[in-house]
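# Tertiary structure, described
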Amino acid sequence: MNYDWLGMGMFAGALILLSFGFPVAFSLGGVAILFALIGAAVGEFSFSFFNAMPSRIFGIMGNYTLLAIPYFIFLGSMLEKTGIAEKLLETMGILFGRVRGGLALAVVIVGALLAASTGVVAATVVAMGLISLPIMLRYGYSKELAAGVIVASGTLGQIIPPSVVLVVLGDQLGIPVGDLFIGSLIPGLMMAGAFALHVLIVAYLKPEVAPALPASVRIGGKKLLVRVVTVMLPPLLLIMVVLGSIFLGIATPTEAGALGSVGAIILAAFTRQLNWSALREVCD
C-alpha cells in the first residue's frame, strides 16, 4: 500500500494546528511525533529512530551557528520595546513629510533598517503595524496602500542581512552564513528600492491615496537636524557595526549578534528607555 499521503498529512496537520493558534514549536513537534507513531503503526517508520532523538536535540541546542538567532531576535525586540523603532519611524516620516506618499516611503525605509538590525519578520511587521498604520490612516492614506506597504516592507527581514532565515539555511546547507549575508545584501536593497518606487508611482498617479503631511505637523531647520542626529544616527551606527563586523570578517554572525544585543542595550540606556520591565519582556 502507498503511504505517500503521510507527508501531506503532516503538512496539513501542522497548518491546522497553527491556524488554531497553537504555539509553533509544539505544533511542529507534536505533529512530527504523531505521524511518526502512525508511520510506525503502518510499517513505514522504524521505532529505532526515536533512539537518536535526544542526541539530535542536544546537537541542535549546541549548534554555535544557530545561537545567532536568539541574539538577533533579542536585538529587534529591544529596539521595539524601548520605543527606538517608533521614534525612528516618526523621524523618517517627518523627514519625508513634504513628499506625497512620504509616510509610506518612510515605512519602507525603516522596514529595511529594522530588517538590517533584527532579521525577524514578525517583530518588524508588528512594530510597523502598531506604530505606522494609525498614523497613515489619520492623515488620509488609503487602507490598501497603508496595510500593503507595512506587510511588504516587513518581509524584507527575510532577505536583508542579518536574516534569521539565512542563518538557518546556512547551517542546513553547510554554507558560511557570512557569505549568504554578503550575497543577499544587494537583492534585499533592490527589493526595498522596488517597494519605494512603487509608493512614489502610486502617489504620483493617485495623490488622494497618499497625501503629503500637513504643514502643521512638519518640523524643519535645526530642530529636525537635532532629531535626525539623536534618533536616526545611533541605530544606523549599530547596524553598521553589526553588519560591518560580519562583512569584514572581524566577527562571525553569532559574535556579531551578541555584539548587536549589547549595543541595543547600550542604545536603550543612552535614550533613557532601559528599565527592568522592558528588559524582562525582551528576554521573554
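Residues numbered from 1 in each chain as written. Predicted model: local features only at pLDDT ≥ 70, side-chain atom pairs only at ≥ 80, totals over all residues. Heavy atoms only, no water.

### A look at the nonpolar core
Buried together is how nonpolar side chains tend to be arranged in soluble globular proteins. Membership of the largest hydrophobic core comes to 40 residues, with the highest contact counts inside it found for V107, V110, M136, Y141 and V149. Taken together, the elements giving at least two residues each to this core come down to α5 (84–95), α6 (102–118), α7 (121–138), α8 (143–154), α10 (177–205) and α11 (221–247). If one sorts the elements of this core by residue count, α6 sits on top with 12 residues. In this structure, V149 is in contact with A104, V107, V108, M136 and V199, ignoring residues within four places of it in sequence. (Core = buried A, V, L, I, M, F, W, Y, C linked by side-chain atoms within 4.5 Å. Buried < 20%, exposed > 50% of the residue type's maximum accessible area, 1.4 Å probe, protein only. Helix = DSSP H or I, 4+ residues; strand = E, 2+ residues; numbered from the N terminus. Contact = heavy atoms within 4.5 Å.)

### A look at the environment of T254
Assignment of secondary structure puts T254 in helix α12 (residues 253–270). In this view, T254 contacts Y64, T65, L67, A68 and Y71; residues no more than four positions away in its chain are not counted.

### A closer look at the confidence of the model for the chain
Looking at the chain as a whole, the pLDDT averages 83, with 93% of positions reaching at least 70. The secondary structure element of the chain with the lowest average pLDDT is α7, at 72, and the one with the highest is α10, at 90. (pLDDT = per-residue confidence, 0-100.)

### Re a nonpolar patch on the surface
On the surface, a nonpolar cluster with roughly 720 Å² of combined accessible area is contributed by I33, L37, F47, M53, I57, F58 and M61. Only α2 (24–41) and α3 (53–61) provide two or more residues apiece to the nonpolar patch. Here the nonpolar patch gets 4 residues from one element, more than from any other, and that element is α3. With respect to the secondary-structure elements, I33 resides in helix α2. Here I33 falls in the partly exposed class, since its relative accessible area comes to 41%. (Patch = residues over 30% accessible without salt bridge, like charges linked within 9 Å, V, L, I, M, F, W, Y side chains within 5 Å. Areas by Shrake-Rupley, 256 points an atom, 1.4 Å probe, with all protein chains shown as cover. Salt bridge = Lys/Arg side-chain N within 4 Å of Asp/Glu carboxyl O.)

### Some words on α2
Here α2 is 18 residues long and its end C-alpha atoms lie 26 Å apart, about the 26 Å a rise of 1.5 Å per residue gives. Here α2 has its buried residues at S27, V31, F35, A36, G39 and A40. Looking at the buried positions of α2, the neighbouring elements they touch are α1 (5–19). (Expected span 1.5 Å × (residues − 1).)

### Some points on unusual backbone geometry
A positive phi is found at R272, a non-glycine position, where the angle reads about 60°. With respect to the element layout, R272 can be found in the loop between α12 and α13 (276–283).

### Some words on the pattern of salt bridges
By the definition in use, this model includes 1 salt bridge. A salt bridge links K81 to E281; the nearest nitrogen and oxygen atoms lie 3.6 Å apart. Here K81, found in helix α4 (residues 68–81), pairs with E281, found in helix α13; they are 200 residues apart in sequence, far enough to count as distant. E281 sits in the partly exposed class, given a relative accessible area of 42%.

### Focus: the environment of A269
Following the sequence through the fold, A269 ends up in helix α12. In sequence terms A269 and V199 are 70 residues apart; their C-alpha atoms lie 35 Å from each other.

### Thoughts on helix α9 (residues 164–173)
Among the residues of α9, V164, L166, V167 and G170 are the ones counted as buried. Taken down its axis, α9 places every buried residue within 160° of arc, on the same side. Along α9, the residues that are exposed and aim more than 90 degrees away from the buried face are Q172 and L173. Buried residues along α9 sit against α4 and α10. Here α9 starts with a cap whose side-chain oxygen sits 3.2 Å from the backbone nitrogen of V165, and that cap is S163. (Arc of directions from axis to C-beta. Polar contact = N/O pair within 3.5 Å; in protein donor to acceptor, adjacent residues only side chain to side chain.)

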